[in-house]
Protein chains: 2
Amino acid sequence: MGGEGKSASSSLALASDPTRILLGVNESSLKGYPNASISCRNAFDWTMQKIVRSNTNDFKLLFLHVHVPDDNEDGAGFDGMDLIFASPEDFQDIQERDKKRGLHLLKHFVDCCHQIGVPCEAWIKNGDPKEVICNEVKRIQPDMLVVGNRDLSPFQRMFLGTVSEFCVNHAVCPVITIKRTADETPEDPIDD
Amino acid sequence: MGGEGKSASSSLALASDPTRILLGVNESSLKGYPNASISCRNAFDWTMQKIVRSNTNDFKLLFLHVHVPDDNEDGAGFDGMDLIFASPEDFQDIQERDKKRGLHLLKHFVDCCHQIGVPCEAWIKNGDPKEVICNEVKRIQPDMLVVGNRDLSPFQRMFLGTVSEFCVNHAVCPVITIKRTADETPEDPIDD
């Protein structure tokens, strides 16, 4: 018989801890905060429909938003950078200025998970998204990373680079990239 | 609130058909047929442990083996190239010469699935693995493709190319590549 046969016996025995899925989420380039990008909403929907399905206790979703500080922000960045948000109530006392920095983007996904009943955690980091995501993968060691992808042409990718491509090549866990469908793609595919 | 909020309501409603996962499986370069490569056994184990878990009715595994004909084989290739194998009994009447062409490699995975209770289908195609896998993705439209990966250095990849890299860039479905762990990697990482 083919293979070494350890698969069948060990596969299910090891499946007691929930599978931890890290999702990189970002804001819409068209609508800005607190709206999620088309790609990351798509990646979340896909994860729920194709992986988690109705088995909500078998999975834990980890949402990471990397905030890219603009020139007008003070260097210190978001006040609650080390906070973890796991339920809608965790968002009650956040300050107005922090809403701008992606907290309400996370609230959307935490609310969805809460409604569906799948455990989750969400947090924000400052920096370069592709570098931060790969560092966070190293730190928290998820079972897999899901990232959205705009499906740009090779020519567009050459100038823009893509976070998903970088993660596929550098993240130290299995990575799955979810592309937008044609009907979701804005007129300018660089928009998201 | 962030996003367009269709996620939470639609995610679980759409999850009635099983999630169809295509796995590309190949023979061990060290042991030859019918032994499965380290990479693809790893990819199968990962899929069972991290995705399927105990939810065997929510998933269907599709095993594709691409047989690369060698110079000594007649051009016609494998007799049963259009057969689909879904249970251990389906392998009873195969001819001796066809065993050489990867049928017993498929039998290993079908046996594992049968034992675990997860529905599956398995089949063989002749040709260039990376091209055939991407064509089959187009034809059968799985929800995701899982492929093993030897995690070669950039220098080794430049000369060898890798099936997984090609699939990530060309398959028209989400693709996840599963790397071997350090302790599973043979002395020469090109071996598998």
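Going along each chain's sequence as written, the residues are numbered from 1 onward. Labels follow written order: the first chain is A, the first ligand is 1, and so on. A pLDDT threshold of at least 70 governs which residues receive local features in this predicted model, and a stricter bar of 80 or more applies before side-chain atom pairs are shown or counted, although totals over entire chains, interfaces and linings include all residues. Each side-chain value is worked out from all heavy atoms of the structure, with water and hydrogens disregarded.

**A few points about the overall build of chain A**
For the purposes of this entry, the term helix denotes a DSSP run of H or I that reaches at least four residues, the term strand denotes a run of E that reaches at least two, and both are numbered from the N terminus. A tally of regular secondary structure across chain A gives 6 helices and 5 strands. Along the chain direction, N to C, the helices and strands of chain A fall in the order α-β-α-β-α-β-α-β-α-α-β. Note that accessible areas follow from Shrake-Rupley with a 1.4 Å probe, and for residues the cover is restricted to the protein chains shown. For chain A, the exposed area adds up to about 8,900 Å²; of that, 49% sits on carbon and sulfur atoms.

**Some points on the nonpolar core**
Leu 61 and Phe 63 of chain A together with Leu 61 and Phe 63 of chain B are the most contacted members of the largest nonpolar core, which has 65 residues in total. The residues touching Leu 61 of chain B, leaving out its near neighbours within four places in the chain, are Ile 21, Leu 23, Phe 44, Thr 47, Met 48, Val 52, Cys 113, Val 118, Pro 119, Cys 120 and Glu 121 of chain B. In this text, buried Ala, Val, Leu, Ile, Met, Phe, Trp, Tyr and Cys residues form a nonpolar core when linked through side-chain atoms within 4.5 Å. Only protein chains enter the calculation, and the probe is 1.4 Å; a residue is then buried if its accessible area is under 20% of its type maximum, exposed if over 50%, and partly exposed in between. Any two residues whose heavy atoms approach within 4.5 Å are treated as being in contact.

**What to know about the pattern of salt bridges**
Side-chain pairing between opposite charges can occur once the charged atoms of the two side chains come close. Each salt bridge in this description consists of a side-chain nitrogen of Lys or Arg and a carboxyl oxygen of Asp or Glu lying within 4 Å of one another. A full pass over the atoms with the stated rule returns 14 salt bridges over all chains. The partner of Lys 50 of chain B in a salt bridge is Asp 143 of chain A, with the nearest N and O atoms 2.9 Å apart. Remark: Asp 143 of chain A occurs in the loop between helix H4 (129-140) and strand S4 (144-149) and Lys 50 of chain B occurs in helix H2 (residues 38-52); the pair is interchain, linking two chains.

**Brief notes about the pairing of S4 of chain A**
Looking down a regular strand, the side chains alternate between one sheet face and the other. Residues and elements named next belong to chain A. Along S4, 5 of the 6 residues are buried, which leaves the element largely enclosed by surrounding structure. Any two strands with at least two DSSP bridges between them are considered paired. Summarising the sheet, strand S1 (residues 19-25) and S4 pair through 3 bridges and their orientation is parallel. Bridging across to S4, Leu 23 finds its partner in Val 146. Examined bridge by bridge, S4 and strand S5 (residues 175-179) share 5 bridges and lie parallel to one another. Pairing of Val 146 across the sheet is with Ile 176, part of S5.

**Notes on the pairing of strand S2 (residues 59-67) of chain A**
All names here are of chain A. For S2, the buried fraction is high: 8 of the 9 residues fall into the buried class. Inspection of the sheet shows S1 paired to S2 by 7 bridges, in the parallel sense. Bridge pairing links Thr 19 to Phe 59 in S2. In terms of strand pairing, S2 meets strand S3 (residues 120-126) through 7 bridges, oriented parallel.

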